[in-house]
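Here's the letter readout for the chains.
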Amino acid sequence: MNISIQTLRAFSFAAATGSFTQAARLTYMTQPAFSRLIASFEKEMGVKLFTRTTRRVELTQEGQLCLLRARQILDSYDLLL
């Protein structure tokens with residue numbers, strides 16, 4: 001398993017905004033590329049992290065736990081820098 005800081009930030013932005021489109025803009029990605037990144041992350045984690053509708057994305061229970069851990073990692077990474 002090799003998860004990048006970029007992937008964790010993208011996941012965090014999607015959770016915060018509730019939108020893959022908005023999160024894609026924040027990460028300077030196209031929306032389709034962003035969706036593929038999140039789908040790949042879900043596959044690597046082995047769980048569905050978001051429930052998707054045509055207008056919003058929301059974290060699943062597994063996604064909520066993953067977000068807590070991702071934020072801890074991102075905070076530690078930012079402190080390291």
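Keep in mind that this is a model prediction, so the values were computed, not measured.

> Describe in detail the nonpolar core, supporting the description with residues and values.
By size, the foremost hydrophobic cluster in this structure holds 18 residues, and its most contacted members are Phe-11, Phe-20, Phe-34 and Phe-50. Among the secondary structure elements, those contributing two or more residues to this core are helix 1 (5-17), helix 2 (20-26), helix 3 (31-45) and helix 4 (61-80). Not counting chain neighbours up to four residues away, the residues in contact with Phe-50 comprise Phe-11, Ala-14, Ala-15, Phe-20, Ile-38, Glu-42, Val-57, Glu-58, Leu-59 and Thr-60.

> Report on the packing of helix 1 against helix 4, specifying residues and quantitative values.
Packed helix pairs are characterised by how far apart their axes lie and by the angle those axes make with each other. In the contact formed by helix 1 and helix 4, the axes pass within 10 Å of each other and the chain directions differ by 125°. One element, helix 1, and the other, helix 4, form an angle in the oblique class. Like other packed secondary-structure pairs, helix 1 and helix 4 cross with a definite hand, here left-handed. Here Ile-5, Leu-8, Arg-9, Phe-11, Ser-12 and Ala-15 of helix 1 lie close against helix 4, whose contacting residues are Gly-63, Cys-66, Leu-67, Ala-70, Arg-71, Ile-73, Leu-74, Tyr-77 and Asp-78. When grouped by side-chain class, the residues that make up the contact of helix 1 with helix 4 number 10 nonpolar, two polar and three charged.

> Describe in detail the pattern of salt bridges, supporting the description with residues and values.
Summed over the entire model, instances satisfying the criterion amount to two salt bridges. Between Arg-9 and Asp-78 there is a salt bridge, and its shortest N-O distance comes to 2.6 Å. With a gap of 69 residues between them, Arg-9 in helix 1 and Asp-78 in helix 4 connect regions that are remote in the sequence. Between Arg-52 and Glu-42 there is a salt bridge, with its nearest N and O atoms 2.8 Å apart.

> Lay out the environment of Leu-74 with the relevant residues and their values.
Within the secondary structure, Leu-74 sits in helix 4. Through-space distance from the C-alpha of Leu-74 to that of Gln-22 is 20 Å; in sequence the pair is 52 residues apart. Those residues in contact with Leu-74 that sit more than four places away from it in its chain are Ile-5, Leu-8, Arg-9 and Ser-12.

> I'd like a description of the side chain of Ser-19, backed by residues and values.
Checked against the element boundaries, Ser-19 lands in the loop between helix 1 and helix 2. Accessibility expressed as a relative area gives 14% for Ser-19, which makes it buried. Apart from residues no more than four positions distant in its own chain, Ser-19 is found in contact with Ala-14 and Val-57.

Conventions adopted
- Residues numbered from 1 in each chain as written.
- Predicted model: local features only at pLDDT ≥ 70, side-chain atom pairs only at ≥ 80, totals over all residues.
- Heavy atoms only, no water.
- Core = buried A, V, L, I, M, F, W, Y, C linked by side-chain atoms within 4.5 Å.
- Buried < 20%, exposed > 50% of the residue type's maximum accessible area, 1.4 Å probe, protein only.
- Helix = DSSP H or I, 4+ residues; strand = E, 2+ residues; numbered from the N terminus.
- Contact = heavy atoms within 4.5 Å.
- Axes fitted to C-alpha atoms, helices over the stretch in contact; angles between N-to-C directions.
- Parallel < 35°, antiparallel > 145°, perpendicular 65-115°, else oblique.
- Left-handed = near helix turned anticlockwise from the far one by under 90°.
- Nonpolar A, V, L, I, M, F, W, Y, C, P; charged D, E, K, R; others polar.
- Salt bridge = Lys/Arg side-chain N within 4 Å of Asp/Glu carboxyl O.

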